[in-house]
There are 2 protein chains.
Amino acid sequence: MRAENFKLNLDGPRNLARTLSLVENRSPLRHLILKECWKLSGKARIVGITGPPGAGKSTLASSLIRQFRKGSKTVGVVAVDPSSPFSGGAILGDRIRMMDTSLDEGVFIRSVATRGAMGGLSAAAGDLVTVMDAAGFEVVIVETVGVGQDEIDIVREADSVILALVPGLGDDIQALKAGVMEIADIFVVNKADREGADKLVREIEYLLALSPARGEWTPPVVRTVASRNEGIEDLAGKLDEHHRFLRYTAGLGEKKKQRGTDKLRKLLAEGWEKELRKGPLSAEEEEKLKEAFAERKKDPYSVAEEILGNFTWEGTE
Amino acid sequence: MRAENFKLNLDGPRNLARTLSLVENRSPLRHLILKECWKLSGKARIVGITGPPGAGKSTLASSLIRQFRKGSKTVGVVAVDPSSPFSGGAILGDRIRMMDTSLDEGVFIRSVATRGAMGGLSAAAGDLVTVMDAAGFEVVIVETVGVGQDEIDIVREADSVILALVPGLGDDIQALKAGVMEIADIFVVNKADREGADKLVREIEYLLALSPARGEWTPPVVRTVASRNEGIEDLAGKLDEHHRFLRYTAGLGEKKKQRGTDKLRKLLAEGWEKELRKGPLSAEEEEKLKEAFAERKKDPYSVAEEILGNFTWEGTE
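Overview of the structure. (Residues numbered from 1 in each chain as written. Chains lettered and ligands numbered in written order. Predicted model: local features only at pLDDT ≥ 70, side-chain atom pairs only at ≥ 80, totals over all residues. Heavy atoms only, no water.)

1. Overview of the overall build of chain A
Test applied: Only DSSP runs of H or I with at least four residues qualify as helices, and only runs of E with at least two residues qualify as strands; both kinds are numbered from the N terminus onward. Burial here depends on accessible area, computed with a 1.4 Å probe over protein chains only, as a share of the maximum for the residue type. Under 20% is buried, over 50% is exposed, and the range in between is partly exposed. To measure how exposed things are, a 1.4 Å probe is used in the Shrake-Rupley method; for residues, cover is taken only from the protein chains shown.
Across its full length, chain A carries 12 helices and eight strands. Going through the 317 residues of chain A one by one, you find that 52% of them count as buried. Within the structure as shown, chain A displays about 14700 Å² of accessible surface, and the carbon and sulfur contribution to it stands at 51%.

2. Topic: the packing of helix H9 (residues 232-248) of chain A against helix H10 (residues 251-278) of chain A
Residues and elements named next belong to chain A. Our working definition: In this analysis an axis means a line fitted to C-alpha atoms, helices contributing only their contacting stretch, and an angle means the value between N-to-C directions, from 0 to 180 degrees. Orientation labels follow simple angle bins: below 35 degrees gives roughly parallel, above 145 gives roughly antiparallel, 65 to 115 gives roughly perpendicular, and whatever is left gives oblique. Contacts: residue pairs with any heavy atoms within 4.5 Å of one another. Gly counts as polar in this scheme, as do all residues outside two lists: the nonpolar Ala, Val, Leu, Ile, Met, Phe, Trp, Tyr, Cys and Pro, and the charged Asp, Glu, Lys and Arg.
Look at H9 against H10: their axes get within 5 Å of each other, and the N-to-C directions meet at 85°. What the angle tells us is that H9 and H10 run roughly perpendicular. Residues His243, Leu246 and Arg247 of H9 touch H10, and the partners they reach there are Gly251, Leu252 and Lys255. Of the residues in the contact of H9 with H10, the class split is two nonpolar, two polar and two charged.

3. Here we look at the pairing of strand S1 (residues 45-50) of chain B
Residue and element names in this part refer to chain B. The condition is simple: Whether two strands pair comes down to DSSP finding at least two bridges between them.
Here S1 lies mainly inside the structure; six of its six residues are buried. Side-chain alternation along S1 places Arg45, Val47 and Ile49 on one buried face and Ile46, Gly48 and Thr50 on a second face that is also buried. For S1 and strand S4 (residues 139-144), the ladder comprises five bridges, and the chain directions are parallel. What sits directly across from isoleucine 46, in S4, is valine 140. As defined by bridge partners, S1 adjoins strand S5 (residues 160-165) across four bridges and the pair is classed as parallel. Residue pairing across strands places glycine 48 opposite valine 161, the latter belonging to S5.

4. Focus: the packing of aromatic side chains
Note the threshold: For Phe, Tyr and Trp, rings pair up if their centres lie within 6.5 Å, where Trp contributes its six-membered ring, and each pair is then called stacked (planes under 30 degrees apart), edge-to-face (over 60) or tilted (otherwise). Charge over a ring is defined by NZ of Lys or CZ of Arg lying within 6 Å of the ring centre and within 35 degrees of the ring normal.
All chains considered together, the criterion is met by nine aromatic pairs over all chains. Considering the side-chain rings of phenylalanine 293 of chain A and tryptophan 38 of chain B, the 6.2 Å spacing of their centres and the 80° angle between planes classify their relative orientation as edge-to-face. Of the two residues, phenylalanine 293 of chain A sits in helix H11 (residues 283-294) while tryptophan 38 of chain B sits in helix H2 (residues 30-40), which places them in two different chains. Like phenylalanine 293 of chain A, the residue tryptophan 38 of chain B is buried in the burial classification. When the centroid spacing of 6.5 Å and the interplanar angle of 75° are considered together, the rings of tyrosine 301 of chain A and tryptophan 38 of chain B count as edge-to-face. Separated into two different chains, tyrosine 301 of chain A in helix H12 (residues 300-309) and tryptophan 38 of chain B in helix H2 make up a pair that spans both. The class for tryptophan 38 of chain B is buried, based on a relative accessible area of 5%. Among the aromatic residues, those joined into a cluster by ring pairs are Trp38 of chain A together with Phe293 and Tyr301 of chain B. A cation over a ring is seen here: arginine 296 of chain A above tryptophan 38 of chain B, with NZ or CZ 4.3 Å from the ring centre.

5. Here we look at the relation of the copies chain B and chain A
For clarity, the cut-off: The atoms used to superpose the copies are C-alpha atoms, taken from residues with pLDDT of at least 70 in both, and the fit is least squares.
Between chain B and chain A, the superposition needs a rotation of 180° and an axial shift of 0.0 Å, giving an RMSD of 0.1 Å. On the angle and the small slide along the axis, the relation comes out as a two-fold axis. A shared interface surface links the copies, since 100% of the contact residues of chain B are contact residues in chain A too.

6. Quick notes on the side chain of arginine 110 of chain A
Residues and elements named next belong to chain A. To keep it simple, the criterion reads: Contacts described as polar in this section are N or O atom pairs within 3.5 Å, which, within protein, must combine one atom able to donate a hydrogen with one able to accept it, while residues neighboring in sequence count only if both atoms come from side chains.
Checked against the element boundaries, arginine 110 lands in strand S3 (residues 107-111). Assessed through its relative accessible area of 14%, arginine 110 is described here as buried. Side-chain polar atoms of arginine 110 contact the side chain of glutamate 24, separated by 3.4 Å. Leave out the neighbours within four places in its chain, and arginine 110 touches Ala17, Leu20, Ser21, Glu24, Val77, Val78, Ala79 and Met132.

Structural data, given as structure tokens:
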């Protein structure tokens, strides 16, 4: 498709799927699509689910989808989780098919392949959420496995973040990547029928008591057995509560505002890196500089000044 | 001091201390100093020590200093650790004074206050190492507490990285920040007379066996009781071995080369951020953009294109 002829079309699952693919695969049309989508977006409620592998995040997501569908809400899902059954995995895949989501136009699930370049993943996931939002889904769920900085950055953009944990995974919660505890708005102890659930709940509550206060919101700890749909209503209730809290405290508006400038910063960093790669820091140039620095013929401070001095900003006169 | 009159002087502890302060406090003379120092640097052997609080990193550093002094090597220390006794702490401070390092011109210890802006810390620490290197210290030890990304970035620049652990801190080693295990060239189980030392050694060896191979170097695990100077000769031996390995495989040259371009990238990112702050992303402008994005009057993709389009690179024709 040529850029001149481009016309955004998000009607129906096939058009939506095609648009998502263009964005995910970094098509040259990507920015055209995203500019249009940005205008249409900003209405969806964005729910992040993260947690270690094996915490049952996808089962939890499935249960939440069903819960939202009961309330007739349309739901889009962006799953950034290599182990996610949404990505075609085995056992739980059946459960999802059972839900007949493939026949339910109110639900659309997209899984993102984890690429080598993790830096691009969080940008891509955010863009896919924007497209789903623009397509009119009332709720967009983003699922990531909470192991890398990039995955944390992805869910950080959600309105509400659920951190799913399970008893007896062998890791105490201190083993979680630094920063994960801090972004959770709601803790879920999933598979709560397992031994050790009480201990895990106590540990979370203990850690929460130690953490610095976060305004007026104290993250609740919800017990679920997602595979049997237990505790899901409670969880949905807490999600609603958090959403009302955000609205009430203007936190929601702040989050939405922040999302735009965060995106801008990412785009600028990307563009600047590309600019450097074209000129002063091309692979060849970088190799030469490495040698010159090591031999002390040049120093990085002078070279940085020179490169920065050669960039000029024309401003907006 | 005016820039025109500036003359680098690293002779004796007072001049060195003054120069380090100018660099640490971001004096306008900083880049002048660092350019001169860069030319003189690149000769020191840089040893990083990191690990969780309570692992005895400073005692370990003291023991290593003594060991290097036995071989008549001069030693500079940059301690980036709020809990470090080098920063004026209690008990161990005595031990260090016992060593009469204050009277020994072959040893110079500098502690860096952990500032709020952690982003600047790794840049500052690297610059202090460059100054120490330029001042002619044969060994420069960098000590950081291995908890944040920034601290990890600091030791990553060392030729050899020691990761210090202790038995019975209550955390199993999986609780270490992701990325710490990977940068260690030598593991130290300090306070190895404590219960649980064998278990910890086994855990490390097990994890090492699971990790992807790193060329021909297999990180050894050394047991020490630094407070009684036990195992320090063994540790120094392993350090020498690693240094020889780096020389032999040309890894040392690669590390030194990488350091220059890493520094350049940091300086460029800093300069670009400053440039943005002056113009298109001033605090005021950013606030306006936030509103416009949230109200969907503008989109980050178009604004990024506009800003990037207004930067021009003049190249080196």
